[in-house]
Structure formats: C-alpha cells, structure tokens
Amino acid sequence: QVALEESGGRWVHVGESLTLSCAASGRTSYNFPMAWFRQAPGKERELVAGISWTGGVTEYADSVKDRFSISRDNAKKMLFLEMNDLKPEDTAVYYCATSRDLMLVGGAPSDYDNWGQGTQVTVSS
C-alpha cells in the first residue's frame with residue numbers, strides 16, 4: 001500500500017503561480033500511473049492532470065491546458081503540479097492519486113484506488 005501526502009496548497013491572488021507536491025511512501029515500486037484531481041465545494045471530483053508511470057505521457061483537463069503542468073520524479077517518489085495564471089475557478093481541494101492500471105493516463109476518479117488527504121488551493125481576485 002502506498003501512502004500519499006500532498007503539500008503546497010495555499011491562498012493566492014488571481015494570476016499567481018503555485019506548485020503542488022505529492023510524496024509517496026510505503027512500497028519499493030513507484031511504477032504506477034498517477035494523477036491530480038480537484039474538488040470544489042458542491043461539485044464532483046474532477047481530473048486535473050494525469051501522467052503515465054514512465055512520465056512520458058500526460059493528459060490535462062481542457063480548463064487547465066497551457067496553464068498547468070504535471071511531472072514526476074520516480075527516483076524521489078514525487079509527483080508535482082505546476083499551476084500558472086491561477087483563476088478563482090481553480091479554487092478547490094487538490095488530491096493526488098495512484099492507479100493499478102499500468103496503461104492508464106488520466107481517466108476518472110473510479111480508475112484510481114489510492115488517494116492522499118488533499119491540499120487546499122484558494123484563488124482570490
């Protein structure tokens with residue numbers, strides 16, 4: 001079982017940048033697809049960005065394309081989400097997650113079986 005811990009969420013102004021981190025621990029292998037999801041109050045959890053286990057393939061929600069960038073460091077067992085030009089609609093709790101489907105990139109929350117506790121991002125105008 002992998003333990004995931006997100007960090008980096010905070011309150012920012014519109015247009016600012018922020019990088020979230022997710023640290024994985026608890027098993028020796030880190031070869032699984034990962035993703036960032038977010039959930040705003042009253043809304044369903046949605047995919048923000050996904051990345052293959054090699055890091056070579058990524059997928060983004062249309063709402064964050066050209067603003068957000070997902071990356072991973074398998075040696076350090078870390079996942080990152082660089083967020084630029086933040087908007088009020090980016091306000092949400094951000095979660096990292098892992099999947100057992102080695103071919104997966106992106107997908108739905110139901111495709112992921114392991115989740116962190118989340119980190120709050122608040123974007124104020």
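Residues numbered from 1 in each chain as written. Predicted model: local features only at pLDDT ≥ 70, side-chain atom pairs only at ≥ 80, totals over all residues. Heavy atoms only, no water.

Overall, the coordinates contain 5 salt bridges when judged by the stated rule. K65 serves as the salt-bridge partner of D62, at 3.2 Å between the closest nitrogen and oxygen. The exposed category is assigned to D62, whose relative accessible area is 66%. Here D90 ties to R67 by a salt bridge, and the two come within 2.8 Å at their closest N and O atoms. Residue D90 is located in the loop between β8 (78-83) and β9 (92-98), and its partner R67 is located in the loop between β6 (58-60) and β7 (68-73); the two are separated by 23 residues in the primary sequence. In this structure D90 comes out as buried when scored by relative accessible area, which is 0%. The class of R67 is buried, set by a relative accessible area of 9%. (Salt bridge = Lys/Arg side-chain N within 4 Å of Asp/Glu carboxyl O. Buried < 20%, exposed > 50% of the residue type's maximum accessible area, 1.4 Å probe, protein only. Helix = DSSP H or I, 4+ residues; strand = E, 2+ residues; numbered from the N terminus.)

Among the 6 residues in strand β4 (residues 34-39), 5 count as buried, and that is most of the element. Here β4 pairs with strand β5 (residues 46-51) via 5 bridges, running antiparallel. Directly across from W36, in β5, lies its bridge partner A49. The turn linking β4 back onto β5 is made up of 6 residues, and G42 within it adopts a positive phi angle of 80°. Here β4 pairs with β9 via 6 bridges, running antiparallel. Each bridged residue has a counterpart across the sheet, and for A35 the counterpart in β9 is A97. (Pairing = 2+ DSSP bridges.)

Moving on to unusual backbone geometry. You will see that D66, though not glycine, has its phi angle at about 70°, which is positive. Mapped onto the elements, D66 comes out in the loop between β6 and β7. For D85, which is not glycine, the phi dihedral falls at a positive 50°. Relative to the helices and strands, D85 resides in the loop between β8 and β9. Overall, the relative accessible area of 40% leaves D85 in the partly exposed class.

The next point concerns the nonpolar core. Within the largest apolar cluster, 28 residues are counted, with the highest numbers of intra-cluster contacts made by W36, L79, L81, M83 and Y94. Elements with a minimum of two residues in this core: β3 (18-25), β4, β5, β7, β8, β9 and β11 (119-124). The dominant element in this core, judged by the number of residues it contributes, is β3, at 4 residues. When residues no more than four places from it in sequence are discounted, the contact partners of L79 are L20, S21, C22, Y30, M34, A35, W36, I51, I70, S71, R72 and C96. Grouped together as the second largest cluster of nonpolar side chains are 6 residues, F37, L47, L104 and Y112 included. (Core = buried A, V, L, I, M, F, W, Y, C linked by side-chain atoms within 4.5 Å. Contact = heavy atoms within 4.5 Å.)

From the geometry alone we can't say anything about function, so treat these as descriptive.
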